[in-house]
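Take a look at the letters that make up each chain.
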Amino acid sequence: MTTEQFTGVIDRFEDDLAVILLEANGEVVDEIVLEREMIPTEAAHPDAVLEVTLVDGEVAELSYDAVETTDRKDRAQSRFDRLAERPPSEDESQ
């Protein structure tokens, strides 16, 4: 019996299916597709972060990580805000 732990991020929903990207060491290594009803209710949105346990390649456990979901959202918003800042014009930099 092989047990593996991954961080999963809900990428998208396609009808009644959820596509979850599996990450190891910060890199996407695989994806799984599950029935939407298998997703914890509070995690039923894109970009939700899950802890995923696979046993022999099958999902044995899913748990929602609310703290990591919020942290990733905040980091993404911060990057967006920095990129959205206009560089000073020549007149403003003098």
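This text goes with the structure placed above it.
Bear in mind that the values here come from a model prediction, so they are computed numbers and not experimental data.

Colleague: Now, about the pattern of salt bridges: what can you tell me, with residues and values included?
Modeller: Per the stated rule, a full pass over the model turns up 5 salt bridges. Between Arg-12 and Asp-11 there is a salt bridge, with its nearest N and O atoms 2.4 Å apart. Judged by its relative accessible area of 32%, Arg-12 falls in the partly exposed class. Put simply, Glu-23 and Arg-72 hold a salt bridge, and the shortest N to O gap is 2.8 Å. Of this pair, Glu-23 sits in strand β2 (residues 17-24) while Arg-72 sits in helix α1 (residues 66-84), placing them 49 residues apart in sequence. Its relative accessible area of 25% is what places Arg-72 among the partly exposed residues.

Colleague: Could you give me a rundown of the environment of Val-55, with the residues and numbers involved?
Modeller: Mapped onto the fold, Val-55 is located in strand β4 (residues 49-55). Counting along the chain gives 38 residues from Val-55 to Leu-17, while the straight-line C-alpha distance between them is 21 Å.

Rules and cut-offs
Here, residues in each chain are numbered from 1, in the same order as that chain's written sequence. Owing to the predicted nature of the model, reporting of local features is limited to residues with pLDDT of at least 70; listing and counting of side-chain atom pairs is limited to 80 or more, with chain, interface and lining totals taken over all residues. The side-chain numbers reported here are obtained from all heavy atoms of the structure, hydrogens and water having been left aside. By definition here, a salt bridge exists when the distance from a side-chain nitrogen of Lys or Arg to a carboxyl oxygen of Asp or Glu is within 4 Å. When accessible area is computed with a 1.4 Å probe and restricted to protein chains, residues below 20% of their type maximum are described as buried, those above 50% as exposed, and intermediate ones as partly exposed. Helix numbering and strand numbering both begin at the N terminus, where a helix is a DSSP run of H or I of at least 4 residues and a strand a DSSP run of E of at least 2.

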